[in-house]
Every structure is written in C-alpha cells, then in structure tokens.
Amino acid sequence: MKKLFTTIFDKEADRSIKDQELQEIIMLLITFLLVPVASVLITQVASDRPVSTSMSRIAWVDKQFVWVLLWGLLNMGNYIYSLVLVTKKAGYSAGWKKFFIISAAAAALIMTVGLSIPAYYSETDIKIQQMRTAHVILAGIGFFYYVAEVFFIALTLLKRNKTQFMLSLGMALFIAVGGIFSIIFVNDPASYCFCSTVTQLFLFGTSNAFLAVQYFLMKEFKSE
C-alpha cells in the first residue's frame, strides 16, 4: 500500500500501445464526434428544454430510460477507454493504474445503479421521496467522481512534468469552475432539477475531452 502512493510513475513501465494509431483515431472519434452527437440527440427526446430538465427526468418522467442508459454507458465507456490509454502512455505504476481504472469502473457501476432507481418528484409521497434521494445520492457520487478523478490525474502530474502539470491543472479548474457555475445558474428555477441536462453534458463532455487531450500531452511531455 505504501508503494502504491510513493511510486506514481514507473520509469520501466511499458508505454507501448497495440495498434496505437487506430486506437487514437477511435478515441478521438468517440470523444469529439460520437458522444457530442449522442448528447444532442438525447436532448431531443425530452419533453422540456435541456436547461429545464435532467437526464434522470428524461429517463423516468419522459420514459426514455433505455436511451439515457445507452447515453450513459457510451460516456462512461468513452471515459474508461481513454483512461486506459492515458495511464498506459503516461507510465503510471501498476498500483496507480489499477486505482484509476478500478475506481472509474466502480463509479460507473454506482452511477448505473443510481440511474436505475426511479426518480420522480413528490412533496407528499415518502416512498417516492426516498427513492429520489437514493437516486440522486448514488448517481451523483458516480457522476461527480469522474470530475474528481480529473483532478487526481492532474495533481499526480506534478511528479511527471511541471509544465504538463500546470496545463492539466488549468484544464481541471476550468471544468470545475464551469461545472459549479452551471449547477448554480444554468437551470430553470421553476424545475426541481438542480443539475440540468446542460450541466451534465458539460461535465461529462469536458471530462472526456480532458482525457483525450491528456493522452497527447503524455506523448509530447517527457518525464522529468
């Protein structure tokens, strides 16, 4: 356990990636084309404008659970796939590599379980309130962990390359500031959705973009 946190990058790690160019193309197409298109399309099946609803409301109130689940799996799959490439190219030690990938997979599982709990709104029905609370807590933990992991990755880069660290921390702060602003202001006060679809698309999209950019930074910046 001690070695896990003291040895972040392994100078002897194998950084080679099988079919590297093909995998880079796949990652870029998923991150910057497939996911954005899917995100735009998912907003079109909602009964309300993106600022007035959330993915949970689209899934349950609009009865589009399957489409929202597929959208979520696409985003989470994109994130984990990019994460595998990033940790490989960066030369993380085996322990840190496992930590990042396993925790991201656990977050995906928690988020999926949370999404699977019905999310309806009621001011009087205790059972509905309890299910909604469980839904928000579990889905929220999984969802916001991805943003937290972006920060974890950025902070570890202080041990790899200081210029890359500053660039990466700047990107992570951009995601965090944009996310906080969106949660507070980018929603409809008349709606009970405090985290709007716009905010959710922004946080997922920028987190995935962070990893894609990070992969290429790993290629450009060498370990110091």
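Values in this document were obtained by computation on a predicted structure and should not be read as measured data. (Residues numbered from 1 in each chain as written. Predicted model: local features only at pLDDT ≥ 70, side-chain atom pairs only at ≥ 80, totals over all residues. Heavy atoms only, no water.)

Peer 1: Would you mind showing me how to read the nonpolar core here?
Peer 2: A general feature of soluble globular proteins is that nonpolar side chains tend to end up buried together. Ranked by internal contacts, the top residues of the largest apolar core, which has 46 residues, are Tyr92 and Tyr146. With residues near it in sequence (within four places) discarded, Tyr146 still touches Met76, Tyr79, Ile80, Ala104, Ala107, Ala108, Met111, Phe204 and Ser207. (Core = buried A, V, L, I, M, F, W, Y, C linked by side-chain atoms within 4.5 Å. Buried < 20%, exposed > 50% of the residue type's maximum accessible area, 1.4 Å probe, protein only. Contact = heavy atoms within 4.5 Å.)

Peer 1: Hey, could you run me through the side chain of Ser207 in this one?
Peer 2: Along the chain, Ser207 turns up in helix α8 (residues 197-220). Overall, the relative accessible area of 1% leaves Ser207 in the buried class. Here Leu203 takes part through its backbone oxygen, which lies 2.8 Å from a polar atom of the side chain of Ser207. Beyond its immediate sequence surroundings of up to four residues, Ser207 is in contact with Tyr79, Tyr146, Val147, Val150 and Ile175. (Helix = DSSP H or I, 4+ residues; strand = E, 2+ residues; numbered from the N terminus. Polar contact = N/O pair within 3.5 Å; in protein donor to acceptor, adjacent residues only side chain to side chain.)

Peer 1: Explain the pattern of salt bridges to me, please; I cannot follow it from the model alone.
Peer 2: When charged atoms on two side chains of opposite charge get close, those side chains can pair. For the structure shown, the criterion picks out 3 salt bridges. The residue Lys219 makes a salt bridge to Glu24 at a minimum N-O spacing of 2.9 Å. Residue Lys219 is found in helix α8, and its partner Glu24 is found in helix α2 (residues 20-44); the two are separated by 195 residues along the sequence. Looking at Glu24, the relative accessible area reads 10%, which means it is buried. Where Asp48 meets Arg57, a salt bridge forms, and the shortest distance between an N and an O atom there is 3.3 Å. Using a relative accessible area of 19% as the deciding quantity, one classes Arg57 as buried. (Salt bridge = Lys/Arg side-chain N within 4 Å of Asp/Glu carboxyl O.)

Peer 1: Would you take a moment to explain a nonpolar patch on the surface for this structure?
Peer 2: Residues Ile25, Leu29, Leu33, Val37 and Leu41 make up a contiguous nonpolar surface patch of roughly 470 Å² in combined accessible area. Note on placement: Leu29 falls in helix α2. Judged by its relative accessible area of 46%, Leu29 is partly exposed. (Patch = residues over 30% accessible without salt bridge, like charges linked within 9 Å, V, L, I, M, F, W, Y side chains within 5 Å. Areas by Shrake-Rupley, 256 points an atom, 1.4 Å probe, with all protein chains shown as cover.)

Peer 1: Would you mind going over the packing of helix α4 (residues 65-90) against α8 with me for this structure?
Peer 2: To characterise two packed helices, one gives the angle between the axes of the helices and the distance between these axes. Interhelical geometry of α4 versus α8 gives an angle of 20 degrees and a closest axis separation of 9 Å. The angle between α4 and α8 places the two elements in the roughly parallel class. α4 and α8 meet at a crossing whose hand is left-handed. Taken together, the residues of α8 that come into contact with α4 (itself represented by Trp71, Asn75, Met76, Asn78, Tyr79, Ser82, Leu83, Leu85, Val86, Lys89 and Ala90) are Leu201, Phe204, Ser207, Asn208, Leu211, Gln214, Tyr215, Met218 and Lys219. Tallied by class, residues from the contact of α4 with α8 come to 12 nonpolar, 6 polar and 2 charged. (Axes fitted to C-alpha atoms, helices over the stretch in contact; angles between N-to-C directions. Parallel < 35°, antiparallel > 145°, perpendicular 65-115°, else oblique. Left-handed = near helix turned anticlockwise from the far one by under 90°. Nonpolar A, V, L, I, M, F, W, Y, C, P; charged D, E, K, R; others polar.)

Read these as layout, nothing more, since geometry by itself doesn't imply function.
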